[in-house]
Amino acid sequence: MTMKTLFALSVMLAFAAAAPGQDRAAIPDRPEKLTFPPLRYEPPQAADYRVALPSGAVAYVAPDRELPLVNIQIYVHTGTYVVPRGQEGLADLTGWLMAHGGTASKTAEQLEERLAFLAAKFDCSITEMSGSVTLNLLAKDLDEGLGILREALTAPRFQEDKLKLHKEQMLQAMHERNDESSAIEMRERNFLAFGDGFFLNRYSTGTSVSNLTVSQVREFQQRWFYPSNFVIAVNGDFDRDRMIEKLNALLANWPFKGETPPPVPTEFHGASPGLYLVNKDVNQGRVAMILPGMQRDDRDYFPALLMNDILGGGGFTSRIMSRVRSDEGLAYSAGSAFPGGVYFPLTFRVGFQSKSRTVGYAISIVEKEVRRILDERVTEAELHTAKRALIDTFPRSFSTKTQVAQTLAEDEFTGRYAKNPTYWQTYRDNVDKVTREDIQRVAQRFLHPDQFAILVVGKKDDILKGHPERPVDFSQLAAGGVKDLPLRDPMTMERMPAPR
């Protein structure tokens, strides 16, 4: 159906809906002349879903009768940051075995078979700053599912053959660490942003994984998987009061006493400015340009959010995408990100891929766009577009009860609810009050082109040759000049000697 046909139909419907005697001349003759009343939407209130359980856990309970399903997600205060040195890989192994290593009453094979019979999904994972246990199943099987969940949390089997299997899988994955330039770029970007000593950059090694034992896994699991370390999001086909009773039963009489984890480390040391080049024989260069960033409770968080949207985070409406892709055809995709860190500042970063010979030219364009947003105020049209993108799509954040329960639970888990309980209620007002002057001020505060640490992963010789029609002086792209960054040994994560 063409746009012309759709417009004709909309006009016909408008006439049909008009009350007798209505002045049809008042009906706009073109779609862009249509006006709509303001969107009225209020986000959910955390207090309507929040339940403090006697066990010390906090739950967000959101009944939803639309489908005969129940979703349970348990957020756990743990992470790789609490793994003892020399035991890197322990968190990964623990999470995998909790989901795949059986329980006291079921072998791993029996557990897998029963979950398949129930058409249930059960998983557990542990990342850098959190753990997560998820269960999705039919509402009619909820009691059995909660029994499985209870055993997985309190009496995991940690079957020896499954431990051996996953260790082998982890070791195999290590061998592939340098296969993809995307994996190298993501890893080395974090090393530049936070330094070798920061916990985000502690990787498992062949030695650390080979030495892991069932007793270490069990000790780690019992130390942190304890109700007072849980925040639970649950939604689905159930009665609210009955679900609270079931959660209390799930967490009652815990058979071991866990610990409260220490605070997430926050001290790190980023790299000095420079263009850091990792030599990798691929036909495109991957580029990450990073600067020190902010935490999400920074006073300038909302101006920074909009500034980034205009500069590079807004897709095809953003300046970097328009210049690098649309105008110059140097990359399929190019953009920026400026996430606010929860526990410590995350980085501002620009990322793209380009042919080896045009990498330098593309970097120079990005730097020009960064300088432009420092020197000139953004236009009213750009600011309006960025604001509407955030405000008009805001209700999507809570379009399902799964999103409601999980978003509010994540706020509880990360401390946002305690620090700023009206964050979502004031979100749109905070976006709307940002001015063009705010955008320029926050850009000048955070964006310093001469301080960029620029990571390039690609074929060094071709990249440094540059493009004959678009020459670039690489020594001028970053204050620290060009620096070689040798690949890391995939099994030890130590830098390998550069080939001669």
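Structural data are supplied above this passage.
Note that this is a predicted model, so its numbers are computed, not measured. (Residues numbered from 1 in each chain as written. Predicted model: local features only at pLDDT ≥ 70, side-chain atom pairs only at ≥ 80, totals over all residues. Heavy atoms only, no water.)

Draft legend 1. Region of interest: the pattern of salt bridges. Counted according to the given criterion, the structure contains 32 salt bridges. In this structure, the salt-bridge partner of lysine 33 is aspartate 29, at a minimum N-O distance of 2.9 Å. Looking at aspartate 29, the relative accessible area reads 52%, which means it is exposed. One salt bridge in this structure joins arginine 428 and glutamate 42, with 3.9 Å as the shortest N-O distance. Here the residue arginine 428 occupies a position in helix α16 (residues 423-432), and glutamate 42 occupies one in the loop between α1 (3-17) and β1 (50-52), the gap between them amounting to 386 residues. On the accessibility criterion, arginine 428 (14% relative accessible area) is buried. Overall, the relative accessible area of 61% leaves glutamate 42 in the exposed class. Shared partners join several salt bridges into a network, and the residues in it are Arg323, Asp327, Glu328, Glu369, Arg372 and Arg470. (Salt bridge = Lys/Arg side-chain N within 4 Å of Asp/Glu carboxyl O. Buried < 20%, exposed > 50% of the residue type's maximum accessible area, 1.4 Å probe, protein only. Helix = DSSP H or I, 4+ residues; strand = E, 2+ residues; numbered from the N terminus.)

Draft legend 2. Examining the side chain of arginine 488 more closely. Within the secondary structure, arginine 488 sits in the segment after β12 (482-484). In this structure the side chain of arginine 488 is engaged in a polar contact, spanning 3.0 Å, whose partner is the side chain of glutamate 188. Of the polar contacts made by the side chain of arginine 488, one reaches the backbone oxygen of methionine 493; its length is 3.0 Å. Excluding residues that lie within four positions of it along the chain, arginine 488 makes contacts with Asn178, Arg187, Glu188, Phe191, Asp196, Met493, Glu494, Arg495 and Met496. (Polar contact = N/O pair within 3.5 Å; in protein donor to acceptor, adjacent residues only side chain to side chain. Contact = heavy atoms within 4.5 Å.)

Draft legend 3. Spotlight on the sheet that holds strand β2 (residues 58-63). Spatial ordering of the open sheet is given by β1-β2-β6-β3-β5-β4, a layout of 6 strands whose pairing is mixed. Unpaired on one side and paired on the other, β1 and β4 (121-126) mark the two borders of the sheet. In this sheet, adjacent strand axes meet at a mean angle of 15 degrees when their direction is disregarded. (Pairing = 2+ DSSP bridges. Axes fitted to C-alpha atoms, helices over the stretch in contact; angles between N-to-C directions.)

Draft legend 4. Quick peek at the sheet that holds strand β7 (residues 274-279). Here we have 6 strands laid out as an open sheet, ordered β9-β10-β8-β11-β7-β12, and mixed in their pairing. Each of the sheet's edge strands pairs with one partner strand only, and the pair in question is β9 (334-337) and β12. The average angle at which neighbouring strand axes cross in this sheet is 20 degrees, direction not considered. Pairing of β9 with strand β10 (residues 348-355), which is carried by 4 bridges, proceeds in the antiparallel orientation. Each residue of the ladder has a partner; that of serine 336, found in β10, is valine 350. Lying on the sheet, helix α10 (residues 301-313) is in contact with β9 and β10; it crosses β9 at an angle near 160 degrees.

Draft legend 5. Examining the packing of aromatic side chains more closely. For the coordinates displayed, the defined rule picks out 26 aromatic pairs. On the numbers, 5.2 Å between centres and 20 degrees between planes, the contact of phenylalanine 394 with tyrosine 427 is stacked. Here tyrosine 427 lies in helix α16 and phenylalanine 394 lies in the loop between α13 (380-392) and α14 (401-414), a separation of 33 residues in the sequence. On the basis of relative accessible area, tyrosine 427 is assigned to the buried category, the value being 10%. An aromatic cluster is present here, built from Tyr41, Tyr301, Phe302, Phe394, Phe398, Tyr423, Trp424 and Tyr427 joined pairwise through their rings. The cationic tip of arginine 325 hangs over the ring face of tyrosine 332; the distance from NZ or CZ to the ring centre is 4.8 Å. In this structure, arginine 416 packs its charged tip against the face of tyrosine 423, placed 3.7 Å from the ring centre. (Phe/Tyr/Trp six-rings, centres within 6.5 Å; stacked < 30°, edge-to-face > 60°. Lys NZ or Arg CZ within 6 Å of the ring centre and 35° of its normal.)

Draft legend 6. Structural detail: a negative patch on the surface. On the surface, Glu109, Glu112, Glu113, Glu160 and Asp161 cluster together to form a negatively charged patch. Of all the elements in the fold, those that place two or more residues in the negative patch are α3 (108-117) and α5 (160-175). Per-element tally for the negative patch: the top contributor is α3, with 3 residues. Checked against the element boundaries, glutamate 113 lands in helix α3. The class of glutamate 113 is exposed, set by a relative accessible area of 59%. (Patch = residues over 30% accessible without salt bridge, like charges linked within 9 Å, V, L, I, M, F, W, Y side chains within 5 Å. Areas by Shrake-Rupley, 256 points an atom, 1.4 Å probe, with all protein chains shown as cover. Lys, Arg positive; Asp, Glu negative; His and termini not counted. Charge placed at Lys NZ, Arg CZ, Asp CG, Glu CD.)

Draft legend 7. Looking closely at the environment of glycine 315. Following the sequence through the fold, glycine 315 ends up in the loop between α10 and α11 (319-327). Once the C-alpha coordinates of glycine 315 and lysine 280 are considered, the two residues, 35 residues apart in sequence, prove to be 28 Å apart.

Draft legend 8. A look at α3. For α3, the complete set of buried residues consists of Ala108, Leu111 and Leu115. Each buried residue of α3 sits inside an arc of 65 degrees when the element is viewed along its axis, so together they form one side. Across α3 from its buried face, at more than 90 degrees, point the exposed residues Glu113, Ala116 and Phe117. A positive backbone phi angle near 55 degrees is found at alanine 119, which sits one or two residues after α3. (Arc of directions from axis to C-beta.)

Draft legend 9. Fine view of the packing of α11 against helix α12 (residues 359-375). Packing of α11 against α12 leaves a shortest axis separation of 10 Å and a crossing angle of 150 degrees. In terms of orientation, α11 and α12 fall into the roughly antiparallel class. Crossing geometry of α11 relative to α12 is assigned as right-handed. Between α11 and α12, the residues in contact are Arg319, Ile320, Arg323 and Val324 and Ile365, Val366, Glu369, Arg372 and Ile373, respectively. When grouped by side-chain class, the residues that make up the contact of α11 with α12 number 5 nonpolar, no polar and 4 charged. (Parallel < 35°, antiparallel > 145°, perpendicular 65-115°, else oblique. Left-handed = near helix turned anticlockwise from the far one by under 90°. Nonpolar A, V, L, I, M, F, W, Y, C, P; charged D, E, K, R; others polar.)

Draft legend 10. Spotlight on the pairing of β10. Note: strand β8 (residues 284-291) against β10, 8 bridges, orientation antiparallel. By the bridge assignment for β10, glutamine 284 is matched with lysine 355.

Draft legend 11. Summary view of the packing of helix α2 (residues 90-100) against helix α8 (residues 214-224). Between α2 and α8, whose axes approach to 10 Å, the crossing angle comes to 85 degrees. By the criterion of interaxial angle, the relationship of α2 to α8 is roughly perpendicular. Contact residues: α2 offers Leu90, Ala91, Leu93, Thr94, Leu97 and Met98, while α8 offers Gln216, Val217, Phe220 and Gln221.

Draft legend 12. Quick peek at the side chain of lysine 280. Its place among the elements puts lysine 280 in the loop between β7 and β8. Buried charge lysine 280 goes without a salt bridge, the closest partner of opposite sign being aspartate 179 at 5.6 Å. Excluding residues that lie within four positions of it along the chain, lysine 280 makes contacts with Asn178, Asp179, Ser181, Ile184, Val457, Gly458 and Lys459.

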